[in-house]
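An overview of the molecular structure
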Amino acid sequence: MVESGSLNPPRRIVILGATGSIGASTLDVVARHPERYSVFALTANREVEKLARLCLRHAPRYAVVVEPGAAEKLRRLLEAARCPTEVLDGASALCEVARAPEADVVMSAIVGAAGLPPTLAAALAGKKILLANKEALVMAGALFMRAVRGGGARLLPIDSEHNAIFQSLPADYSGDPGRSGVRGILLTASGGPFRKTPREDLANVTPEQACAHPNWRMGRKISVDSATMMNKGLEVIEAHWLFNIPAENIQVVIHPQSVIHSLVQYVDGSVLAELGHPDMRTPIAQALAYPERIASGVEPLDLFAVAALHFERPDFDRFPCLGLAYQALREGESAPVALNAANEVAVRRFLEGHIGFLAIDLIVARVMEKMPVSRLDSLDDVFAADAAARRMAERIVDEIKQ
Ligand code: NAD
Ligand code: MG
């Protein structure tokens with residue numbers, strides 16, 4: 001249930017992954033509306049100095065760090081600065097703050113599989129969830145959507161494409177595309193930094209080149225995912241679960257300007273879209289205030305400056321990750337878990353300089369080929385499949401390195 005916007009007392013927000021790129025954009029929007037929002041908890045993996053600065057600036061009740069050694073350091077920093085924020089540590093504390101009765105809104109902006117347990121905790125506790133962590137839906141789509149419904153949570157997409165689709169669907173969209181006259185979704189993709197690079201030239205690209213996204217400033221993992229186009233593949237799966245649209249009705253369109261953030265096609269021929277600058281503060285503000293509108297700090301779009309919009313078909317041969325993601329969605333059950341886990345391992349190892357860029361799709365393809373698809377009845381099943389796929393991916397990395 002979404003409540004009206006006359007907010008007294010202000011809505012209390014938990015930001016999971018506060019030290020990241022989405023965390024920074026969220027805090028920027030929140031700080032523009034102190035009469036509406038207050039920060040209840042901020043979390044980070046281990047970036048203690050940055051988290052300490054955020055605590056001084058935003059005065060949360062709690063700060064959570066996952067790495068055990070990091071908590072002591074954070075406590076010392078906050079004590080020295082006379083900051084009353086209480087420090088909690090460990091992965092279980094992420095779930096504690098996500099389901100705390102005092103929390104109204106949970107921004108899910110941890111990168112990767114680590115975001116799933118606290119996001120699920122927020123769903124079961126009936127929170128308003130702003131979902132940036134697409135990996136949670138990719139890994140556990142059916143379980144997660146069931147938890148959202150069962151817990152009475154409100155799920156609002158932050159990924160710019162999914163936020164655009166949400167805005168372009170009817171306000172009363174119930175997850176039945178036929179009933180709403182929805183024919184399908186056009187998911188736009190910038191094409192990443194290697195949109196025009198021949199495949200043979202991709203062998204030697206560096207992590208810095210892969211992370212140099214033409215339009216968006218993001219964390220390193222999602223930047224590499226954009227370069228391999230795995231990001232779009234993960235988003236196809238994300239769109240399927242969020243809007244209950246079958247894979248064959250989700251089409252990826254390369255749109256290098258990133259001005260149209262995605263489109264919905266209707267049976268009468270209408271196509272609705274959301275446009276704007278590529279700045280994550282827009283979807284964050286939209287979701288935070290929904291159904292109202294608040295300022296986000298983003299300038300209005302100047303169509304004369306944009307001048308032209310271009311569209312291309314994606315190249316499934318140069319970017320095999322996209323096809324692998326469609327395949328995982330069709331296979332269902334543990335297949336997307338294997339896809340995601342293998343990709344997380346491969347991207348980390350690429351960023352650490354252990355494997356080349358082209359090994360990423362190779363590792364994902366091999367893990368998907370070798371791992372039998374298993375049923376997912378519980379979160380334990382999800383994490384068992386995740387662990388098995390990670391072990392397999394690590395073994396393949398070791399083989400490649402030799
Ligand atoms: P980032 O790398 O900038 O930040 C990641 C955050 O997660 C940090 O706060 C980090 O401390 C925390 N974190 C990392 N590992 C953790 C762990 N094991 N346990 C707990 N916390 C951990 O990433 P980002 O770019 O902000 O992306 C966050 C999520 O949002 C990703 O799932 C990404 O796909 C999604 N997303 C990001 C953008 C964007 O513009 N950055 C756009 C759409 C979706
Ligand atoms: Mg996106």
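In what follows, the accompanying structure is described. (Residues numbered from 1 in each chain as written. Chains lettered and ligands numbered in written order. Predicted model: local features only at pLDDT ≥ 70, side-chain atom pairs only at ≥ 80, totals over all residues. Heavy atoms only, no water.)

1. Quick look at the overall build of the chain
- The number of helices and strands found in the chain is 16 helices and 11 strands.
- A globule of 402 residues ought to have a C-alpha radius of gyration of about 21 Å, and the chain, at 20 Å, matches this closely.
- With the C-alpha coordinates of the chain rotated into their principal frame, the extents come out at 55 × 55 × 45 Å.
- The burial tally for the chain puts 56% of its 402 residues in the buried class.
- Residue pairs at least 24 apart in sequence account for 71% of intrachain contacts in the chain once pairs closer than 6 positions are excluded. (Helix = DSSP H or I, 4+ residues; strand = E, 2+ residues; numbered from the N terminus. Rg over C-alpha atoms; globule rule 2.2 N^0.38 Å. Buried < 20%, exposed > 50% of the residue type's maximum accessible area, 1.4 Å probe, protein only. Contact = heavy atoms within 4.5 Å.)

2. So, a nonpolar patch on the surface
- Taken together, Leu275, Leu303, Leu309 and Phe311 make up a surface patch of nonpolar side chains, about 350 Å² in accessible area.
- For phenylalanine 311, a relative accessible area of 45% corresponds to the partly exposed category. (Patch = residues over 30% accessible without salt bridge, like charges linked within 9 Å, V, L, I, M, F, W, Y side chains within 5 Å. Areas by Shrake-Rupley, 256 points an atom, 1.4 Å probe, with all protein chains shown as cover. Salt bridge = Lys/Arg side-chain N within 4 Å of Asp/Glu carboxyl O.)

3. Description of the coordination of the magnesium ion (ligand 2)
- At 2.1 to 2.2 Å from the magnesium ion (ligand 2) lie its protein donor atoms, namely Asp159 (OD), Glu161 (OE) and Glu235 (OE).
- Each donor residue of the magnesium ion (ligand 2) belongs to the same chain, and together they define the spacing D-x1-E-x73-E. Of this pair, aspartate 159 sits in the loop between β7 (154-157) and α7 (160-168) while glutamate 235 is found in helix α10 (residues 230-243), placing the two residues 76 residues apart along the sequence.
- What makes aspartate 159 buried here is its relative accessible area of 7%.
- Classification of glutamate 235 as buried rests on a relative accessible area of 1%. (Donors = N, O, S within 2.8 Å, 3.2 Å for Na, K, Ca; no water.)

4. Description of the pairing of strand β10 (residues 260-266)
- Among the seven residues of β10, six are classified as buried, and the element is accordingly described as predominantly covered.
- Where strand β8 (residues 182-189) and β10 come together, four bridges link them in antiparallel fashion. Residue pairing for β10: valine 182 is matched across the bridge by tyrosine 266.
- Here four bridges tie β10 to strand β11 (residues 271-275), and the two strands are oriented antiparallel to one another. Looking at the pairing, glutamine 265 lines up with valine 271 of β11.
- Hairpin remark: β10 followed by β11, antiparallel, with four residues in the connecting loop; positive phi at glycine 269, about 100°. (Pairing = 2+ DSSP bridges.)

5. Brief notes about the sheet that holds β11
- Taken in spatial order, the four strands of this open sheet run β9-β8-β10-β11, and their pairing is mixed. Strand pairing shows two members of the sheet lacking a second neighbour, β9 (250-254) and β11, which therefore form its edges. Shown here is a sheet whose adjacent strand axes are inclined to one another by a mean of 20°, direction ignored.
- Strands β8 and β9 of the sheet are contacted by α10, whose axis makes an angle of about 150° with β8. (Axes fitted to C-alpha atoms, helices over the stretch in contact; angles between N-to-C directions.)

6. A word on the site of ligand 1
- In the vicinity of ligand 1 there are 24 residues, among which Thr19, Asn45, Glu47, Glu135 and Gly219 approach most closely.
- Separating an oxygen atom of ligand 1 from a backbone N or O atom of isoleucine 22 is a distance of 2.9 Å.
- For ligand 1, the accessible surface in isolation is 830 Å², of which the surrounding protein chains cover 88%.
- Only α1 (21-31) and α6 (134-151) provide two or more residues apiece to the shell around ligand 1.
- A class-by-class count of the residues in the shell around ligand 1 yields 13 nonpolar, seven polar and four charged. (Near = heavy atom within 4 Å. Polar contact = N/O pair within 3.5 Å; in protein donor to acceptor, adjacent residues only side chain to side chain. Nonpolar A, V, L, I, M, F, W, Y, C, P; charged D, E, K, R; others polar.)

7. Regarding the sheet that holds strand β1 (residues 11-16)
- Reading across from one edge, β4-β3-β2-β1-β5-β6-β7 is the order of the seven strands in this open sheet, with parallel pairing throughout. Strand pairing shows two members of the sheet lacking a second neighbour, β4 (86-89) and β7, which therefore form its edges. For this sheet, the mean angle separating the axes of adjacent strands, direction not counted, is 20°.
- Summarising the sheet, strand β3 (residues 62-65) and β4 pair through four bridges and their orientation is parallel. What sits directly across from alanine 63, in β4, is valine 87.

8. Describing the environment of glycine 151
- Examined against the element boundaries, glycine 151 turns out to sit in helix α6.
- C-alpha separation for the pair glycine 151 and lysine 370, spaced 219 residues apart in sequence, amounts to 36 Å.
- Apart from residues lying up to four places away in sequence, glycine 151 is in contact with Ala123, Leu124, Ala125 and Gly126.

This is a description of form; function is not addressed.
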